Amino acid sequence: ELFRDRLTVAPVVEALREEPLEGEEEEEAPVKAAPAVRQEIKGVISSAQKYCTFGAGTPFVLIGERINPTGKKRLKQALLDEDYDYILTQAVEQIDAGAEILDVNVGVPSLDDVKVLPLVIKKLQSITGLPLQIDSSNPEAIEAALRVYNGKAIVIYISSLRKLVYRTVYCI
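A brief report on the enclosed structure follows. No experiment lies behind these values; they were computed from the predicted model shown. (Residues numbered from 1 in each chain as written. Predicted model: local features only at pLDDT ≥ 70, side-chain atom pairs only at ≥ 80, totals over all residues. Heavy atoms only, no water.)

Another aspect to go through is the overall build of the protein chain. Tallying secondary structure elements over the protein chain gives five helices and seven strands in all. The helix and strand sequence of the protein chain, counted from the amino end, reads α-β-β-β-α-α-β-α-β-α-β-β. Within the span of the protein chain, comprising 172 residues, buried residues form 42% of the whole. Contacts in the protein chain between residues at least 24 apart in sequence constitute 60% of all its contacts with a sequence separation of at least 6. On the protein chain, roughly 10400 Å² of surface is accessible, and the fraction owed to carbon and sulfur atoms is 53%. (Helix = DSSP H or I, 4+ residues; strand = E, 2+ residues; numbered from the N terminus. Buried < 20%, exposed > 50% of the residue type's maximum accessible area, 1.4 Å probe, protein only. Contact = heavy atoms within 4.5 Å. Areas by Shrake-Rupley, 256 points an atom, 1.4 Å probe, with all protein chains shown as cover.)

Bringing the nonpolar core into the picture now. Among the nonpolar cores identified, the biggest contains 29 residues, and Leu 79, Val 104, Leu 117, Val 120, Ile 121, Leu 124 and Ile 134 are the most heavily contacted of them. Secondary structure elements with two or more residues in this core: helix H2 (73–80), helix H3 (84–96), strand S4 (101–104), helix H4 (113–127), strand S5 (132–136), helix H5 (139–148) and strand S6 (154–161). For this core, the element with the most residues is H4, which contributes five residues. In this structure Leu 117 touches Val 104, Val 106, Ile 134, Ser 136, Ala 141, Ile 142 and Ala 145, once residues within four positions along its chain are discounted. Core analysis: the next-biggest nonpolar cluster, separate from the first, contains six residues, Ile 45, Val 61, Ile 101 and Ile 156 among them. (Core = buried A, V, L, I, M, F, W, Y, C linked by side-chain atoms within 4.5 Å.)

Note on placement: Thr 128 falls in the loop between H4 and S5. Judged by relative accessible area, which is 12%, Thr 128 ranks as buried. Within polar-contact distance, the side chain of Thr 128 engages the backbone nitrogen of Leu 130 at 3.0 Å. Contact partners of Thr 128, with chain neighbours within four places excluded, come to Gln 49, Ile 95 and Leu 102. (Polar contact = N/O pair within 3.5 Å; in protein donor to acceptor, adjacent residues only side chain to side chain.)

Turning our eyes to something else, we now look at H5. Extensive coverage of H5 is indicated by the burial of seven of its ten residues. All of the buried residues in H5 are Pro 139, Ala 141, Ile 142, Glu 143, Ala 144, Ala 145 and Leu 146. If you check the start of H5, you find a side-chain oxygen 2.8 Å away from the backbone N of Glu 140, and it comes from Asn 138.

Let us look at unusual backbone geometry. A positive phi angle is found at Glu 82, which is not glycine, with a value near 60°. Tracing the sequence through the fold places Glu 82 in the loop between H2 and H3. Given a relative accessible area of 49%, Glu 82 falls into the partly exposed group. Although it is not a glycine, Ser 110 sits at a positive phi angle of roughly 75°. Locating Ser 110 in the fold gives a position in the loop between S4 and H4. You can call Ser 110 exposed: its relative accessible area is 74%.

What follows deals with the pairing of S5. A large share of S5 lies buried, amounting to five of its five residues. Covered by surrounding structure in S5 are Leu 132, Ile 134 and Ser 136 together with Gln 133 and Asp 135, the residues of both alternating faces. As judged from the three bridges shared by S4 and S5, these two strands associate in the parallel manner. The partner of Asp 103 across the bridge, within S5, is Gln 133. (Pairing = 2+ DSSP bridges.)

Take the side chain of Asn 68 next. As for its position among the elements, Asn 68 is in the loop between strand S3 (63–67) and H2. In this structure the side chain of Asn 68 is engaged in a polar contact, spanning 3.0 Å, whose partner is the side chain of Thr 70.

Function cannot be read off these values alone, since they describe shape.
So this is what it looks like as structure tokens:
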């Protein structure tokens, strides 16, 4: 119920902030028995113009992952130089190649992702109607991006704790 619409942005961000920070004690979650029958889990992601379903029993979905600076020197530099034309070109190339969803991550050290992520989201929405997947390790950047996104996004939140990586996926 918590993640059904954009109006729940604040509770989602609060839930992200509640993860233990580095050095904090982590509470052990109670162990629950898995259900005997596997249920089909389906999700829907949308933009203002298009929607895409995913999950068990749905066809394969192609997610364009090139708007993510991890390991991409040219994209990192484009973000630092505010070269948004390069970023939009990357989006168009992925769309032309058949992407149904675009992953958007602007995580570069020294970059103000709270400012840049929503700006990139707005620019992408101006050239494409594809749904977007918002990917960040900063809850404030996610919140800022969700506030400008016209649709129901997938949110990828990755944080590290005690050399373990936690990956949380929300459909908002």
